[in-house]
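# Structural features, examined
Residue-level listing of the chains:
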Amino acid sequence: MKTLQIFICSLLLVFILPTCASGQEKQTVGEEERTYYYGVEISDVLCGYAEVTSLPEMKDGREILRQEGIVTVKLSVLGGGVDLIIETLYFTDPATEQFTYNTTTIIQGETRMDFTSVLNNDSILFTSTSGNDRKSIPVTPNLILEGPLTTIHLVKDFIKGGSEEKTYKVYDPARGVVVEKTYTREEDEELLLAGNTYNCMVLNEFNPAIGISIKQWYDLGTGLNIQTLIANRRIFLSDPSVVKNITTANLDDMLFAKVNTKISDLHNIAYMKVKAKINSAGEKITPESLSHNGQSFTGTVNENLIDGIFETATRKYDGKHVPPFPPDFSGDPDLVVYLKPENLIESNNPILMDKSREITNGSADSWEAVRRLSKWVAENIEGAVPGGTSAINTYKTRQGECGSHSRLLTAFCRAVGIPARLSVGCMYSSLYGGSFGQHAWTEVWMGEAGWIPVDATAFEIDFIDAGHIRLGEKTSFNPEEMEILEYRMTGGETEQANQAVPVDYQPYLGKYTDLERNRTFTALYQNNTLAVDIPGQMAMVLNEPGEDGRWYPQITRQLYFLFPKSTVGTIETMIVTQVVPIPKKQDNDSLAMESPENLKPLVGTYSVPQANITLDVTAENEMLSIPDLIGRTKNRIILKRSGDSWNSENGQYSVKFETNETGEVTRMVTSISFTFTKGEPAANILEKVIEEEGIETGLKRYAEMRDTNRGEYIFSEKLLNALGYKLLNQEKVDDAIEVFKLNTQDHPDSFNVYDSLGEAYMKNGDTDLAIKNYKKSLELNPDNENGKKMLEQLQSGQ
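Here the structure is a predicted model, which is why all the values come from computation and not from measurement.

Calculation rules
Residues numbered from 1 in each chain as written. Predicted model: local features only at pLDDT ≥ 70, side-chain atom pairs only at ≥ 80, totals over all residues. Heavy atoms only, no water. Helix = DSSP H or I, 4+ residues; strand = E, 2+ residues; numbered from the N terminus. Buried < 20%, exposed > 50% of the residue type's maximum accessible area, 1.4 Å probe, protein only. Contact = heavy atoms within 4.5 Å. Areas by Shrake-Rupley, 256 points an atom, 1.4 Å probe, with all protein chains shown as cover. Lys, Arg positive; Asp, Glu negative; His and termini not counted. Charge placed at Lys NZ, Arg CZ, Asp CG, Glu CD. Pairing = 2+ DSSP bridges. Expected span 1.5 Å × (residues − 1). Arc of directions from axis to C-beta. Core = buried A, V, L, I, M, F, W, Y, C linked by side-chain atoms within 4.5 Å. Axes fitted to C-alpha atoms, helices over the stretch in contact; angles between N-to-C directions. Parallel < 35°, antiparallel > 145°, perpendicular 65-115°, else oblique. Nonpolar A, V, L, I, M, F, W, Y, C, P; charged D, E, K, R; others polar. pLDDT = per-residue confidence, 0-100. Salt bridge = Lys/Arg side-chain N within 4 Å of Asp/Glu carboxyl O. Left-handed = near helix turned anticlockwise from the far one by under 90°. Polar contact = N/O pair within 3.5 Å; in protein donor to acceptor, adjacent residues only side chain to side chain.

## Overview of the overall build of the chain
- Scanning the chain for helices and strands turns up 15 helices and 43 strands.
- With respect to the three principal axes, the spread of C-alpha positions in the chain is 95 × 75 × 65 Å.
- Taken across its 798 residues, the chain has 53% of its residues classed as buried.
- Sequence separation of at least 24 residues holds for 56% of the intrachain contacts in the chain that already meet a minimum separation of 6.
- Put simply, the chain shows about 35,500 Å² of open surface, and 47% of that area lies on carbon and sulfur atoms.
- Mean positive and mean negative side-chain charge positions of the chain (76 and 112 charges, respectively) differ by 2 Å.

## Some remarks on the pairing of strand E7 (residues 99-108)
- Most of E7 sits out of view: eight of its 10 residues are buried.
- From the end of strand E6 (residues 84-92) to the start of E7, which pair antiparallel, there are six residues, and Glu97 there has a positive phi angle of about 60°.
- Relative to strand E8 (residues 111-120), E7 is paired through eight bridges, and the arrangement is antiparallel. For Gln108, the partnering residue across the bridge sits in E8 and is Thr111.

## Structural notes on helix H10 (residues 695-708)
- Look at H10: 20 Å from first C-alpha to last across 14 residues, which is about the 20 Å you get at 1.5 Å a residue.
- For H10, every residue scored as buried is listed here: Ile695, Gly698, Tyr702 and Met705. Seen from one end, H10 has its buried residues packed into an arc of 75°, which puts them on one side. Turned more than 90 degrees away from the buried face of H10, the exposed residues are Glu696, Lys700 and Asp707.
- Elements that come into contact with the buried residues of H10 comprise helix H9 (682-693), strand E43 (713-714), helix H11 (717-729) and helix H12 (733-746).

## Brief notes about the nonpolar core
- Ranked by internal contacts, the top residues of the largest apolar core, which has 88 residues, are Ile226, Phe561, Phe563, Leu624, Ile626, Phe657 and Met668.
- Residue contributions to this core peak at five residues, all from strand E41 (residues 665-678).
- Ignoring sequence-local partners within four residues, the contact set of Met668 consists of Val580, Pro581, Ile582, Tyr606, Leu615, Val617, Ile626, Val655, Lys656 and Phe657.
- Listed in part, the 32 residues of the second largest apolar core include Tyr317, Ala369, Leu373 and Ala391.

## Side note on the sheet that holds strand E20 (residues 295-302)
- What the four strands build is an open sheet, ordered E20-E21-E19-E28; its pairing is antiparallel. Pairing within the sheet leaves two strands with one partner each, and these edge strands are E20 and strand E28 (478-489). Neighbour to neighbour, the strand axes of the sheet diverge by 10° on average, direction disregarded.
- Summarising the sheet, E20 and strand E21 (residues 305-313) pair through eight bridges and their orientation is antiparallel. Across the sheet, Phe297 pairs through a bridge with Phe310, a residue of E21.

## Concerning the packing of helix H4 (residues 350-360) against helix H7 (residues 402-415)
- Contact pair H4 / H7: the axes reach a minimum separation of 9 Å and the direction vectors enclose 75°. In terms of axis orientation, H4 runs roughly perpendicular to H7. Packed against H4, whose contacting residues are Leu352, Met353, Lys355, Ser356 and Ile359, the element H7 presents Leu408, Ala411, Phe412 and Ala415 at the interface.
- Among the residues making up the contact of H4 with H7, the classes are represented as seven nonpolar, one polar and one charged.

## Some thoughts on H9
- Here H9 spans 16 Å end to end across 12 residues, near enough to the 16 Å set by a 1.5 Å rise per residue.
- Following H9 by one or two positions, Gly694 adopts a phi angle in the positive range, close to 100°.

## Let's talk about the confidence of the model for the chain
- The share of residues in the chain with pLDDT of 70 or more is 92%, and the mean pLDDT across the chain is 87.
- Here residues 1-25 scores under 50 on pLDDT; set against residues more than four positions off or in separate chains, the count is 130 contacts.

## Focus: the environment of Phe236
- By the secondary structure assignment, Phe236 is in strand E16 (residues 233-237).
- Counting along the chain gives 450 residues from Phe236 to Leu686, while the straight-line C-alpha distance between them is 52 Å.
- Setting aside anything within four residues of it in sequence, one finds Phe236 in contact with Tyr37, Tyr38, Gly39, Val40, Glu41, Leu46, Leu193, Ile226 and Gln227.

## Structural notes on the sheet that holds strand E17 (residues 249-250)
- Here three strands make up an open sheet; going across it, the order is E5-E4-E17 and the pairing mixed. Looking at which strands have only one partner, the edges of the open sheet turn out to be strand E5 (80-81) and E17.
- Here strand E4 (residues 75-77) pairs with E17 via two bridges, running parallel. Counterpart to Ser76 in the pairing with E17 is Asn250.

## A short note on the pattern of salt bridges
- Counted by the stated rule, this structure contains 36 salt bridges.
- Between Glu180 and Lys169 there is a salt bridge, with its nearest N and O atoms 3.4 Å apart. Placement of the pair is Glu180 in strand E12 (residues 177-193) and Lys169 in strand E11 (residues 165-172), with a sequence separation of 11 residues.
- Overall, Lys169 belongs to the partly exposed group, its relative accessible area being 43%.
- Here Glu205 ties to Lys181 by a salt bridge, and the two come within 3.7 Å at their closest N and O atoms. One end of the pair, Glu205, is in strand E13 (residues 196-207); the other, Lys181, is in strand E12, with 24 residues separating them in the sequence.
- Residue classification places Lys181 among the buried positions, given a relative accessible area of 14%.

## Structural notes on unusual backbone geometry
- The amide bond that connects Phe325 to the next residue, Pro326, takes the cis arrangement and shows omega of -5°.
- With respect to the helices, strands and loops of the structure, Pro326 is situated in the loop between E21 and H4.
- A positive phi angle, close to 70°, is found at Asp44, a residue other than glycine.
- With respect to the secondary-structure elements, Asp44 resides in the loop between strand E1 (34-42) and strand E2 (45-59).
- Looking at Asp44, the relative accessible area reads 71%, which means it is exposed.
- The phi angle at Glu622 is positive, at roughly 65°, despite the residue not being glycine.
- Tracing the backbone through its elements, the reader meets Glu622 in the loop between strand E36 (613-620) and strand E37 (623-626).
- Its relative accessible area of 45% is what places Glu622 among the partly exposed residues.

## A short note on the packing of helix H14 (residues 767-780) against helix H15 (residues 785-795)
- Two elements in contact, H14 and H15, have axes separated by 9 Å at closest approach and are oriented at 150°. With respect to H15, the axis of H14 lies roughly antiparallel. Crossing hand, H14 versus H15: left-handed. Side by side, H14 and H15 meet where Thr767, Ala770, Ile771, Tyr774, Lys775 and Leu778 of the first sit next to Asn786, Gly787, Lys788, Met790, Leu791, Leu794 and Gln795 of the second.
- For the contact of H14 with H15, the per-class residue count stands at seven nonpolar, four polar and two charged.

## Things to note about the side chain of His468
- Mapped onto the elements, His468 comes out in strand E27 (residues 468-472).
- In this structure the side chain of His468 is engaged in a polar contact, spanning 3.0 Å, whose partner is the backbone oxygen of Asp465.
- Look past the residues within four positions of His468 in its chain and what remains in contact with it is Gln295, Thr312, Cys426, Met427, His439, Trp441, Asp455 and Glu460.

And the structure:
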């Protein structure tokens, strides 16, 4: 999904910095700097702060106000950190309260965007270093160049002049454009903030170009901006303590709309009819703009609040009238913008240009070139939040979310002369039992066929499924509610859940359990192939296996499944392997100092900040060691070389190291395997029956499972014992005793089950039975120290 770069558009509108009006006392050279603090809330979570300092000084013989600001916002999406930092510097003319110089820097993950605006007589020179963009913007009469602490025009017209509505042309230094803002005065309000009460003028600011409304509160006495509100995001006046009190806001609820319709085979969604209410910001949206290339919309759009019904249908391009390769669209003024580099899409970067030419070399036409580029991005860029973000960073790190994939593919296409652009909206997935999440994909221009959508992130290299809803090019997706009214799969039916299962697939089907973590997955047959349902997350349709036997999901290459056969040809286990790429952060001289010379390049610190993963790779005696990433043990995992990989003795870990063009190690790719035993734990079923129908019914159901078991149930000592302790901790002592007794019947040679039953009897006050079971435990294991201690305590009457 596309995270912060689209979300940034609406964030910047309120996070670039709060403003104060000119009613405040003037600062003069020699005065101490003034500092203002603001808190940042998203969905009522204090997740950031803004700090603005203002200091008078002399520059080039003129008095100016040097005004510096920083906004820090801590955010997460799908468990990954996507923190945002915005830094600004303004030189403001104290007489006019207009800025003459500005730099704005936006940092998110490994991506940095820098913008500079310099006032030069009757024009503004705008430079974007990250987008290689440089342009001159004319300064027309009445153009507002707002500093971070001045809104003199609002004071003059509304507080002093009594205006009810006013429209201004305002320069936006973060984008290098002039925007129109209309302010409408609402009823004054009283606010209590930072321990003070303020009588406030309330203004509603509307920017029609991006379709967004912002509500702002200004102190009537000083003109100070007290509070800003946009949807569920709020900035408010605070004090220095706000810096230490922020926490992380989870954006998942903002960026996903749950629909409670679960469809596993995303690639074969052929038609959807969706009722939706969506807020969007970043560009002006109309009902007409929402009907586009296989998508129709019926409803209303009011200040970018979309309310209506979408109908989408998959359309696969047949390749007719395809442009030649390389094409020449340089003479089409409507397409020039989609051939040029821009922020985060560095299509003129020599590395990307060379790689795109290499991939497309020998292509028969432009469509073949696009398919090659899309396939390369799908297969070589791994999913990560936020990942590379920009095209060149995504290429170098080989990871990113949907925006990263789409920008890289867009840059590749533009580098070889094929017009390309991002499409932004949402995509259906089976996450959260079925939901729409913010998403971006790529559109390419195929001459007479027009814009053709492709989605390399979803491995839809030459089409998009009907679960995609397009909102625009530079907008955002903030759903209020969505509902799937109707859908059809390829072939005209809804997803087939009761298909006749071919004989070849039947041995794979059923439940599989990771006994270490008590997780149960289900292997299903859906839409003519195998699928795996992960409870609480999503059902993944699998591609047919290759020669290595690996079943990869259609939507990712960072996970695969193996179904090894027993000596008699049955399938009794499923091995799930997760692939985790971890970039090398830095060499660590202290670690490398004692390492064998040939292993020093591998030693160092590796980190994925957004996933809170930081680890040291160390070496000794021709072996490597790493921490246990799944937290089963505090001991380090020892890795031994086997060919080009490093493997743990138990086979759970396998690590490969990747290098760049100069041979430097850039990251480790760690594969972690989990073994699932075929069957469902009887203890889990027992727990549910006890909870719903009581212990007696539970015991009967357990006996039935034991008597009729043909391999579909797993009778695990560990899980049954865990259930007993869960009941014991809930003060359901009698129920716990019955469960522990079951365990002694199933596992009569285990000392631990008698130890646990003895503990339950002890808690229930049955001393004789407690002593009897602790003695049995010690009979089976004389070294059971806990049993010795408890038995001594019971026999002494303590």
